[in-house]
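Okay, here's what each chain looks like letter by letter:
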Amino acid sequence: TLIILLMLGFILLIGYFFSFKADQYDEPGEEDTQKWLRYLAYTFYGIAAICALVVLCYCNQIRLAVGVLQTAADYIKDEPLILLVPPIIFVFILAFLAYWVVVALYLYSSGELKKRGNTPLVTVEFDETLERMLWYHLFGLFWCTSFILAVEQFIIASSTCIWYFEQAESGAHKTISRSIYRCFRYHLGSLAFGSLILAIVQFIRFWLEYVSAKCEQWAGKDTKVIQAVLCCLKCCVACFEKCIKFLNKNAYIQIALTGKSFCTCAKNAFFMFMHNAARFSIMLGIGAIFIMFGKLAISFGATFIGYLIITEVDTYKDKLYSPIFPTIVFFIIAWVIATLFMSVYGMSADSILQCFIADEEIAEKNGSDAQHTPEALRGFIEKHAPKDKKGKTQKSCC
């Protein structure tokens, strides 16, 4: 609630600022500037009004999103070792990238050197077989990195699902090790297939960039029509890539939740999103805002501490010429760490929302209340959900 009020207040403050600046342009000849500043002020006032209406119309969904975020925090508190998964996966990706670069250099150095006319410069030319190997190696980069990230997403989602359905009974135990076992014993094929689809889309996007660069190199500015068509295609493929990433992530959660194949889980995730569009939309919006605030807070906090150390501690400040570059390095490292940490939070929140919906559907079929709901969500349901004549919670709470 405080974050929402701060956002509304910030938007209104921007509108008031433009309105205040417009009042200062009251001299002859400044009418246009004053008019545009007033238009900007009215625009921000309108945005604030629309945001307020959205908050009022979707207050239950917002409360549910807050409950999900609180539950995600409880999960991380109970399973703190899950924070080690992203750094370990990050190390695996770095190791694979190092291997990929070495192999790429070997392949590139296998080409034939040819001189450029009378200059001492040379170009590298490849035969058809070597060129295909380079394209195949590039596709392997997209597929392998997507697969490693899919393994990370599944482990976090599976651990969250196990915790959700066991924490209310005897407590969840060894959720991470059990999730790793499930991943490598039962679901590697599904993860490989999902990452393959994403890799194909990424490869097509790279190929379009390559064709666009070659067209501009060969024909210069005489290919405006072709460049316009390629630009539209690149935009469409980029949007499609984001859709595939979103669908894959939710499909992996469904795989962790139900244990079914990728195609079945992708279909279930799609229809779950369609049937609960308001819940998912509000959850994604509030979650994105919260994650961004978390990244900024961690990054600026760590950067400020690092800045104080190098400027106040005698060991460092006497040897330091300027604190600017070390501070930038501190911020980059802190931003990477914050991104890794908040990725766990975001994935666990998405998983908890799907677990909550599944728990709700199971309870509806059995004609009872949800049996596995964590404390934060249970408080939300008991406070805001409508009751039937028997006093049982109905599904249409939000």
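Here the structure is a predicted model, which is why all the values come from computation and not from measurement. (Residues numbered from 1 in each chain as written. Predicted model: local features only at pLDDT ≥ 70, side-chain atom pairs only at ≥ 80, totals over all residues. Heavy atoms only, no water.)

(A) Highlighting the environment of Val201. Within the fold, Val201 resides in helix H7 (residues 188-219). For the pair Val201 and Phe142, spaced 59 residues apart in the sequence, the C-alpha separation amounts to 9.4 Å. Residues within four places of Val201 in sequence aside, it is in contact with Val237, Phe240, Glu241 and Ile244. (Helix = DSSP H or I, 4+ residues; strand = E, 2+ residues; numbered from the N terminus. Contact = heavy atoms within 4.5 Å.)

(B) Structural view of the side chain of Asn276. For Asn276, the location among the structural elements is in the loop between helix H9 (262-275) and helix H10 (277-312). Classification of Asn276 as buried rests on a relative accessible area of 8%. A polar atom in the side chain of Asn276 sits 2.9 Å from the backbone oxygen of Met272. (Buried < 20%, exposed > 50% of the residue type's maximum accessible area, 1.4 Å probe, protein only. Polar contact = N/O pair within 3.5 Å; in protein donor to acceptor, adjacent residues only side chain to side chain.)

(C) Up close: the nonpolar core. Residues Val68 and Tyr164 are the most contacted members of the largest nonpolar core, which totals 60 residues. Ranked by residues supplied to this core, first place goes to helix H5 (residues 128-166) with 15 residues. When neighbours within four sequence positions are excluded, Tyr164 is seen to be in contact with Ile352, Cys355, Phe356, Asp359, His372, Thr373, Pro374 and Leu377. Val201, Leu208, Leu230 and Ile244 belong to the second largest nonpolar core, which has 8 residues in total. (Core = buried A, V, L, I, M, F, W, Y, C linked by side-chain atoms within 4.5 Å.)

(D) Geometry of the environment of Tyr164. When you line up the elements, Tyr164 lands in helix H5. Residue classification places Tyr164 among the buried positions, given a relative accessible area of 0%. Put simply, Tyr164 and Ile352 are 188 residues apart on the chain and 7.1 Å apart in space, counted from C-alpha to C-alpha.

(E) Spatial organisation of H9. Here H9 contains 14 residues, and its C-alpha end-to-end distance of 20 Å stays within 8% of the 20 Å for a straight helix at 1.5 Å per residue. Among the residues making up H9, those that are buried are Phe262, Cys265, Ala266, Ala269 and Met272. Angularly, the buried residues of H9 cover 130° about the axis, an arc narrow enough to put them on a single face. Opposite the buried face of H9, by more than 90 degrees, sit the exposed residues Cys263 and His275. (Expected span 1.5 Å × (residues − 1). Arc of directions from axis to C-beta.)

(F) How the structure looks around the pattern of salt bridges. Inspection of every chain in the model, using the stated rule, returns 7 salt bridges. The salt bridge partner of Glu166 is Arg178, with a shortest N-O separation of 2.7 Å. One end of the pair, Glu166, is in helix H5; the other, Arg178, is in helix H6 (residues 175-186), with 12 residues separating them in the sequence. For the salt bridge of Glu241 with Lys245, the shortest nitrogen-to-oxygen distance reads 3.5 Å. With Glu241 and Lys245 both in helix H8 (residues 224-258) and 4 residues apart, the pair spans about one turn of that helix. Relative accessible area serves as the criterion here: at 42%, Lys245 is assigned to the partly exposed category. If you follow the salt bridges from partner to partner, you end up with Arg205, Glu241 and Lys245 in one network. (Salt bridge = Lys/Arg side-chain N within 4 Å of Asp/Glu carboxyl O.)

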